[in-house]
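Chain by chain, the residues:
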Amino acid sequence: MAKNFTTRKDDYAKWYNELVIKADLAENSPVRGCMIIKPYGYAIWENMQYALDKKFKKTGHRNVYFPIFIPKSFFSKEASHVEGFAKECAVVTHYRLKNDENGEGIVVDESAKLEEELVVRPTSETIIWDTYRNWIQSYRDLPLLLNQWANVVRWEMRTRLFLRTAEFLWQEGHTAHATKEEALEETAKMLDVYADFAEHYMAMPVWKGRKSESERFAGAVDTYCIEAMMQDGKSLQAGTSHFLGQNFAKAFDVKFLDKQNQQQYVWASSWGVSTRLMGALIMAHSDDNGLVLPPKLAPDQVVIVPIYRKEEDFEKVNQKALEIKEELEEKDIRVQYDNRDTHKPGWKFSEYEFKGVPVRIAIGPKDLEKGTVEVARRDTLEKSFYQATDIGAKISHLLDNIQQNLYNKAMDFREERTSTADSWEEFKDILKNRGGFILAHWDGTPETEEKIKQATKASIRLIPFEGYDEPGKCVYTGNPSKGRVVFAKAY
RNA sequence: CGGGGUGUAGCGCAGCUUGGUUAGCGCGCCUGCUUUGGGAGCAGGAGGUCGCAGGUUCGAAUCCUGCCACCCCGACCA
């Protein structure tokens, strides 16, 4: 049991904050709103990156890198895009510092003012589409399927580690296509990639759908998203994929000659996931004993702790532990053998439990006599003894089992906390007493959406692609509705 | 930017109301011995511009003024 650790029931927000700090994932930086991602947290992010990057490559994308600075004038070219991001942009205005003449230390050198101010990218559509103009002339240049891993800055008022920070890490895909159909297909395909990643790697079930007009990306024609339920019943947008139509092509004059020798504007998509996924991962599975990580993303899948009293015990235990480590590594299991004598076993147990290592193996003199090892799984906190023979296959199987169990648990939780509401009273009652997702009819107007949000703080998280399109009456106005949408309070 | 709160050792805090020896406590850290199957015990030790600046006073962590920083709750957002 972790010491001085807030429980979820006690204060969910505090539980999250403490978990991030105490599990050594990240900490606040000297710069307000920015975070320092620590080695353990970064290792998880690297595992996410690696898995996603493979999927991007497999679907035909290649990586590029565009500058962090964007000329201010680029931003004004797509009207709704500027409007969406203008309020949260950091701007570089000078390029030199100097010693203050009055001895007040280093100051900005006013004489070194930039001719054109540079915006620190909040997203890269503008600079990328300005460049695509030169890269695309013919239908033979299409499709152009590129992605970049980068940092972006959005000057947020209130921040929380991983969930919302002024600077965050992400990946942004930017694709160009000859036809609308192709661009739409790409938008849907990449959402599927995200959903697949969320479910199979993060062990986190997600809803797929489209955003309402008010939640749409600034500059997009349509925004698709995946939404996951956190353990407090709130929804977290885990990934977005945008159909940009010809908006950016027109703003940046990106045209190509088709087979009929006709000039046409290019069709576009963009899509991204960020370090926010770290927040999602933490809140999807962790418990009052600390972090719980799915084996596929855990930096260490197994930790081996040796138990001994005397030096001669250690030599024997150590030898066996090294054998087991090797057997596990042969099965491509990421394993850490912690034979430090600076910490006691009990301390190590607590430490790795708090850090969410999926499986712990303890080996002591008694195990050597019996030919066993003690195996503890983090997800259920169960301990059992395994015969040490063929340990690699057994643990490999156990890791698969844990991965699946985490998914099932998250899915059960989501199902249990998903309701349908057919009246306004019912809608309010569910939000107040149960929270979670509510499937309800909506008349399709931004006005109603806004009123519901004002009244309940719940917003439309997504409009499902399929399966919920039977007509009905809006839960708020009673006006005709084309189908149910998903309402929830959101991060 | 509105409302609330906090700045004292690496971290978490007490002390401030009612000014007065050398500023304390817990965790962590260092040394030694004993320990090691769920966060060890004992002994010794290191570590402080009390957020910053000014003022009141014989004397300020403590009282007064100004400033700064950070956190929480709102408005904005992936």
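Residues numbered from 1 in each chain as written. Chains lettered and ligands numbered in written order. Predicted model: local features only at pLDDT ≥ 70, side-chain atom pairs only at ≥ 80, totals over all residues. Heavy atoms only, no water.

Colleague: Is there a simple way to explain the sheet that holds strand β5 (residues 91-94) in this structure?
Modeller: Strand pairing in a sheet is mediated by backbone hydrogen bonds. Such pairs are either parallel or antiparallel. What the 3 strands build is an open sheet, ordered β4-β8-β5; its pairing is antiparallel. One side of each edge strand has no neighbouring strand; the edge strands of this open sheet are β4 (69-71) and β5. Neighbour to neighbour, the strand axes of the sheet diverge by 40° on average, direction disregarded. Note that β5 and strand β8 (residues 113-120) share 3 bridges and pair antiparallel. Looking at β8, one finds that V91 is bridged to V119. (Pairing = 2+ DSSP bridges. Helix = DSSP H or I, 4+ residues; strand = E, 2+ residues; numbered from the N terminus. Axes fitted to C-alpha atoms, helices over the stretch in contact; angles between N-to-C directions.)

Colleague: Teacher, can you tell me more about the protein's contact with RNA strand B here?
Modeller: What surrounds RNA strand B is a group of 34 residues, the closest being R158, R164, Q237, R276 and R309. Within the backbone of K366, a nitrogen or oxygen atom sits 2.7 Å from a base oxygen of RNA strand B. Taken together, the elements giving at least two residues each to the surface near RNA strand B come down to α10 (345-354), β19 (359-363) and α11 (365-370). When residues in the surface near RNA strand B are grouped by element, the largest group, 7 residues, is from α10. (Near = heavy atom within 4 Å. Polar contact = N/O pair within 3.5 Å; in protein donor to acceptor, adjacent residues only side chain to side chain.)

Colleague: I tried to follow the confidence of the model for chain A on my own but got confused; where do I start?
Modeller: Do not read the fine detail of predicted coordinates wherever pLDDT is low. The share of residues in chain A with pLDDT of 70 or more is 99%, and the mean pLDDT across the chain is 94. Scored as a whole, the predicted complex attains pTM 0.96, and scored at its interfaces, ipTM 0.89. (pLDDT = per-residue confidence, 0-100.)

Colleague: I tried to follow the pattern of salt bridges on my own but got confused; where do I start?
Modeller: Side chains bearing opposite charge may pair, as long as their charged atoms lie close to each other. Across all of its chains, the model carries 28 salt bridges by this definition. Residue D288 is joined to R8 by a salt bridge in which the shortest nitrogen-to-oxygen separation is 2.9 Å. Separated by 280 residues along the polypeptide, D288 in the loop between α8 (276-285) and β17 (302-306) and R8 in the segment before α1 (12-22) bring together distant segments of the chain. R8 gets classed as partly exposed once you look at its relative accessible area, which sits at 25%. A salt bridge links R340 to D338, with the shortest nitrogen-to-oxygen separation between them at 2.9 Å. R340 sits in the partly exposed class, given a relative accessible area of 36%. Classification of D338 as buried rests on a relative accessible area of 2%. One salt-bridge network, held together by shared partners, links D24, E27, K38, E351 and K355. (Salt bridge = Lys/Arg side-chain N within 4 Å of Asp/Glu carboxyl O. Buried < 20%, exposed > 50% of the residue type's maximum accessible area, 1.4 Å probe, protein only.)

Colleague: Would you take a moment to explain the nonpolar core for this structure?
Modeller: Nonpolar side chains in soluble globular proteins tend to be buried together. By size, the foremost hydrophobic cluster in this structure holds 57 residues, and its most contacted members are L25, M48, F162, M202, M204, M230 and M283. Each of two domains, domain 1 (12-67 + 122-285) and domain 2 (302-397), supplies a minimum of three residues to this core. By size, the runner-up hydrophobic cluster in this structure holds 27 residues, among which are L146, F217, A218 and A249. (Core = buried A, V, L, I, M, F, W, Y, C linked by side-chain atoms within 4.5 Å. Domains from an automatic or database assignment.)

Colleague: What is the right way to read the pairing of strand β21 (residues 383-387) from this model?
Modeller: Consecutive side chains along a regular strand alternate between the two faces of the sheet. Pairing between strand β20 (residues 372-377) and β21: 5 bridges, direction antiparallel. Paired with A376 across the strands is K383, a residue of β21. In this antiparallel pair of consecutive strands, β20 and β21, the connection spans 5 residues, and L381 shows a positive phi of 65°.

Colleague: Looking at this structure, I do not really get the packing of α1 against α8. What am I missing?
Modeller: Running from N to C, α1 and α8 point in directions that differ by 115°, and their axes come no closer than 11 Å. Helix-helix and strand crossings are classified by hand; for α1 and α8 the assignment is right-handed. Here Y12, W15, Y16, L19 and V20 of α1 lie close against α8, whose contacting residues are G279, I282 and M283. Taken together, the residues of the contact of α1 with α8 break down into 7 nonpolar, 1 polar and no charged. (Left-handed = near helix turned anticlockwise from the far one by under 90°. Contact = heavy atoms within 4.5 Å. Nonpolar A, V, L, I, M, F, W, Y, C, P; charged D, E, K, R; others polar.)

Colleague: Looking at this model, I keep getting lost on the side chain of D300. Mind explaining?
Modeller: Among the secondary structure elements, D300 is positioned in the loop between α8 and β17. No salt bridge is formed by the buried D300; the nearest opposite charge belongs to R334, separated by 6.6 Å. A polar contact is formed between the side chain of D300 and the side chain of Q336, at a distance of 3.0 Å. Dropping the residues within four chain positions of it, D300 is found in contact with R334, Q336, V357 and P358. (Lys, Arg positive; Asp, Glu negative; His and termini not counted.)

Colleague: Would you mind going over helix α14 (residues 446-456) with me for this structure?
Modeller: Each α-helix turn comprises 3.6 residues. Residues three or four places apart therefore point the same way. Within α14, the full set of buried residues consists of T448, E449, I452 and T456. Down the axis, α14 shows its buried residues gathered within 105° of arc, on one side only. In α14, the exposed residues that point more than 90 degrees away from the buried face are E447 and Q454. (Arc of directions from axis to C-beta.)

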